[in-house]
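# Commentary on secondary and tertiary structure
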Amino acid sequence: QVQLVESGGGLVQAGGSLRVSCVTSGSILRFIAMGWYRQAPGKQRELFATITSGGSTNYADSVKGRFTISRDNAKNTVYLQMNSLKPEDTAVYSCNAKSSVANYWGQGTQVTVSS
């Protein structure tokens, strides 16, 4: 069973920065892609950042220019650097790993941005 564990969430003021991490139980290179999702209360879950096994990245317009997805293959870890945070970024942030046969999820980490 694939296991993903997110960490690094917390409370930050608007305009601040935060980095969250997603550690996998094995090599992240086995996955087609990994991505970050977020879900705020009353809203649909949003896929906003992805990175493929080849290292290509993509971002939703809502976070483009502010968030950066990256990885450390040796540490089996995917990171999300969040800068210029806004109150509307408040959500539970979850890591997703996509393989040819399944998608795997972590437990999520809460990010709260105060105004």
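Look up a bit, the structure's there.
Scope of this entry: the structure provided in the associated data block. Counting of residues starts from 1 at the beginning of each chain's written sequence and follows it residue by residue. Only residues with pLDDT of at least 70 are given local features in this predicted model, and only at 80 or more are side-chain atom pairs given and counted; all residues enter the totals for whole chains, interfaces and linings. Think of the side-chain values as coming from all heavy atoms in the structure, minus any hydrogens and water.

### Brief notes about the sheet that holds strand E7 (residues 67-72)
Overall, antiparallel pairing links the four strands, which are arranged E1-E3-E8-E7 in an open sheet. On the outer flanks of this sheet lie strand E1 (4-7) and E7, each paired with one strand and no other. Direction aside, neighbouring strands of the sheet carry axes that sit 15° apart on average. The pairing criterion for strands is at least two bridges between them, as found by DSSP. Secondary structure follows DSSP: runs of H or I at least 4 residues long count as helices, runs of E at least 2 residues long count as strands, and numbering of each begins at the N terminus. Relative to strand E8 (residues 77-82), strand E3 (residues 18-24) runs antiparallel, the two sharing six bridges. Bridging across to E8, Leu18 finds its partner in Met82. Lines are fitted to the C-alpha atoms to define the axes, a helix being fitted only along its stretch in contact, and any angle between axes, read from their N-to-C directions, falls within 0 to 180 degrees.

### A word on the pairing of E7
Pairing analysis gives six bridges linking E7 to E8, with the strands arranged antiparallel. When the bridges of E8 are listed, Ile69 appears paired with Leu80. Taking the residues between adjacent antiparallel strands as the criterion, E7 and E8 are bridged by four residues, where Asn76 takes a positive phi near 55°.

### Notes on the nonpolar core
By nonpolar core is meant a set of buried Ala, Val, Leu, Ile, Met, Phe, Trp, Tyr and Cys residues that side-chain atoms within 4.5 Å join together. Partly exposed describes any residue whose relative accessible area lies between the buried limit of under 20% and the exposed limit of over 50%, with all areas from a 1.4 Å probe on protein chains only and scaled to the type maximum. Counting residues in each nonpolar core, the largest one holds 29 residues, and the members touching the most others are Met34, Trp36, Phe48, Phe67, Leu80, Met82 and Tyr93. Those elements that provide at least two residues to this core are E3, strand E4 (33-39), strand E5 (46-52), E7, E8, strand E9 (91-98) and strand E11 (109-114). Element by element, the count of residues in this core is highest for E9, at four residues. Contacts are assigned to residue pairs with any non-hydrogen atoms lying within 4.5 Å of each other. Setting aside chain neighbours within four positions, we find Met34 in contact with Leu4, Cys22, Thr24, Ile28, Ala49, Thr50, Ile51, Ile69, Val78, Cys95, Asn96 and Ala97.

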